[in-house]
Amino acid sequence: MKVKYYVIAISLFFLYGCYEKELTPISESLGKPGPVTEIVTAAIPGGVEVSYKIPNNEDLLTVKAVYTLSNGKKYEQTSSFYENKIVIQGFYDTKEHEAMFYTVNRAQVMSDPVTVRFTPLESPLANIARSIDIIQDFGGAQFRWKNEDKYPINLEFFTTDSVGKMQLIRILTSELPESNFSLRGYTPTPRDFAIVVRDNYGNAIDTVRKNLVPLFEERFDKKRMSIMKLANDANFTNWEGLDSYIIDDNLETFGHSPANALPAAFTIDMGVVGKVSRVVFFNRFFNDSYYSWGNPKDLKIYGRTEKPALSGDWNEWGEPIIAGAQIKPSGLPSGTDTDEDVSYAEGGFEFVFPLDVAPLRYIRVQILSTWTGPTYTHPAEVDIYGEEEK
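This is a predicted model, so every value here is computed, not measured.

**Re the side chain of arginine 278**
Along the chain, arginine 278 turns up in strand E17 (residues 264–282). In terms of polar contacts, arginine 278 uses its side chain to reach the side chain of glutamate 217, at 2.9 Å. A polar contact of 2.6 Å, which involves the side chain of arginine 278, links it to the side chain of glutamate 350. Among residues more than four places away in sequence, those in contact with arginine 278 are Arg184, Glu217, Glu350, Phe351, Val352, Phe353, Asp383, Ile384 and Tyr385.

**Things to note about the nonpolar core**
With 36 residues, the main nonpolar core has Ile88, Phe101 and Val197 as its most contacted residues. Apart from residues lying up to four places away in sequence, isoleucine 88 is in contact with Ile44, Gly46, Gly47, Val48, Ala65, Tyr67, Ala99 and Phe101. Of all hydrophobic cores here, the second largest spans 33 residues; its members include Ile247, Ala264, Val357 and Ile384.

**Notes on the layout of surface pockets**
Over the atoms, a rolled probe matching the size of one water molecule traces out where space is still vacant. Roughly 1,500 Å³ of volume is contained in the largest pocket. Considering the residues around the largest pocket, the lining is formed by 39 residues, among which Asn180, Phe181, Ile327, Tyr344 and Glu350 are closest to the centre. Put simply, the parts of the chain that give the lining of the largest pocket at least two residues each are strand E9 (140–146), strand E11 (166–174), strand E12 (178–183), E17, strand E19 (322–325), helix H3 (339–346) and strand E20 (349–352). Of all the elements, E11 adds the most residues to the lining of the largest pocket, at six residues. Broken down by class, the residue content of the lining of the largest pocket amounts to 21 nonpolar, 11 polar and seven charged. Looking at the second largest pocket, its volume works out to about 200 Å³. Lining the second largest pocket we find Leu251, Glu252, Phe254, Phe282, Asn283, Arg284, Phe285, Tyr290, Ala345 and Glu346. Among the residues forming the lining of the second largest pocket, the class breakdown is six nonpolar, one polar and three charged.

**Considerations on the pairing of strand E6 (residues 97–105)**
Burial analysis of E6 places seven of its nine residues in the buried class, which makes it a mostly covered element. With seven bridges connecting them, strand E3 (residues 60–68) and E6 associate as antiparallel partners. Across the sheet, residue valine 63 finds its bridge partner in E6, namely threonine 103.

**Details of the pattern of salt bridges**
Enumeration according to the criterion identifies 24 salt bridges in this entry. Connected through salt bridges with shared partners, the residues Asp137, Arg184, Glu217, Arg278 and Glu350 form a single ionic network.

**Quick look at unusual backbone geometry**
Of the consecutive residues leucine 262 and proline 263, the connecting peptide bond is found in the cis state with omega at -5°. By the secondary structure assignment, proline 263 is in the loop between strand E16 (226–228) and E17. Even without being a glycine, tryptophan 239 presents a positive backbone phi close to 45°. On the basis of relative accessibility, which here comes to 54%, the residue tryptophan 239 falls in the exposed class. Phi at glutamate 240 takes a positive value of approximately 70°, unusual for a residue other than glycine. Mapped onto the elements, glutamate 240 comes out in the loop between E16 and E17.

Here is what the cut-offs are and how they apply
- The numbering scheme is per chain: residues are counted from 1 as the chain's sequence reads.
- In keeping with the predicted nature of the model, local features appear solely for residues at pLDDT of at least 70, side-chain atom pairs appear and are counted solely at 80 or more, and the whole-chain, interface and lining totals rest on all residues.
- The side-chain values count all of the structure's non-hydrogen atoms but skip hydrogen atoms and water molecules.
- The helix and strand labels rest on DSSP assignments: H or I over at least four residues marks a helix, E over at least two residues marks a strand, and numbering proceeds from the N terminus.
- Residues adjacent in sequence count toward polar contacts only when both atoms are side-chain atoms; beyond that, a polar contact is any pair of N or O atoms within 3.5 Å, and within protein one must be able to donate a hydrogen and the other to accept it.
- Should any heavy atoms of two residues lie within 4.5 Å, those residues are considered in contact.
- Residue types Ala, Val, Leu, Ile, Met, Phe, Trp, Tyr and Cys, when buried and joined through side-chain atoms within 4.5 Å, form a set referred to as a nonpolar core.
- Categorising residues by exposure relies on relative accessible area from a 1.4 Å probe, with only protein chains included: less than 20% of the type maximum marks a residue as buried, more than 50% marks it as exposed, and the intermediate range marks it as partly exposed.
- Grid points spaced at 1 Å and placed over the protein atoms alone form the basis of the search, with a cavity being a set where a 1.4 Å probe fits but cannot get out and a pocket an open set showing protein on both sides within 12 Å along at least five of seven lines. Lining residues have an atom within 4 Å of a point.
- Grid points are joined across faces, edges and corners, and a volume is the space filled by probe spheres set on the points.
- The residue classification treats Ala, Val, Leu, Ile, Met, Phe, Trp, Tyr, Cys and Pro as nonpolar and Asp, Glu, Lys and Arg as charged. All others, Gly included, are polar.
- Strand pairing is assigned whenever DSSP detects at least two bridges linking the two strands.
- Salt bridges are counted wherever a side-chain nitrogen of Lys or Arg sits within 4 Å of a carboxyl oxygen of Asp or Glu.

Here it is in structure tokens:
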């Protein structure tokens with residue numbers, strides 16, 4: 001028992017000593033530091049950039065700005081003595097505001113405050129709010145917005161549930177200057193769709209809401225589809241792969257190009273003419289990942305209504321309807337996949353067609369690169385959605 005007692009006592013001594021040390025200033029104070037001077041303000045969207053001259057105090061450590069945002073939240077910004085400016089952001093109005101500036105020395109002694117008054121330019125959120133549009137889309141609604149300031153935002157998408165109550169369906173983050181997102185899977189009956197946009201400072205725009213009738217959408221019947229062999233398309237019948245496996249509704253099978261085949265193209269005859277809303281790719285689960293080996297990454301999608309020449313002449317296909325890449329939500333390198341990465345891949349990589357694309361019958365896919373760099377590719381499955389032309 002004595003041994004245990006001494007151990008506890010010694011532990012408490014060291015813990016107490018550490019605690020006391022953390023409260024000790026870095027050094028002895030050389031006196032209250034002087035304030036910042038020669039202050040210049042430059043208004044920016046939702047805030048201000050404040051430049052200044054620091055005092056000539058040898059023990060100066062930082063400059064600190066203390067302010068309250070439009071929503072009542074208090075914030076602090078600090079800058080080292082090597083810098084001569086502080087950027088303040090997060091205001092959601094264009095009224096006059098103020099910030100208190102302090103210098104702080106190594107002993108944590110603060111100077112007398114200096115009041116800096118400023119009027120922010122219009123918040124990036126206000127610009128985003130004006131740009132939001134909600135329009136009919138296949139199976140739901142498409143949300144469009146612009147974010148010219150590339151301001152970090154969180155977007156919340158809502159629609160009504162079976163009893164008419166608004167339900168949060170998806171949350172996204174974005175800094176893209178222009179983007180869109182669709183909620184799908186709904187019947188062509190009237191329903192409300194809504195969006196809320198927030199920033200990282202607790203500001204939010206008023207809910208944008210619209211009642212719409214989703215356009216009819218179905219998955220095109222693969223029993224009518226076939227792989228059309230054009231002369232300069234790749235052969236996907238290698239290493240247990242078959243061309244037909246790309247549209248056989250079996251995620252365990254796959255098409256497999258030969259080596260040194262990229263860019264590798266294949267052409268699907270849908271068997272019917274229809275308005276295409278989206279093309280969904282499913283990758284092969286190989287080496288414990290959907291983001292490895294010859295799984296497609298960068299690709300282009302073309303479309304035609306009339307039967308193409310068997311030569312595969314690219315000139316008659318025109319510009320690609322889609323030129324993009326599969327996205328890995330975590331952004332982590334191949335070999336490290338999060339649960340979100342796996343779930344995202346299992347749901348398929350979706351490429352949405354613009355609403356103004358004419359009805360099509362032939363879809364041609366050109367795979368440009370793969371996830372880990374092999375010069376072959378092995379897509380597992382492709383689904384095509386839209387509405388058949390009657």
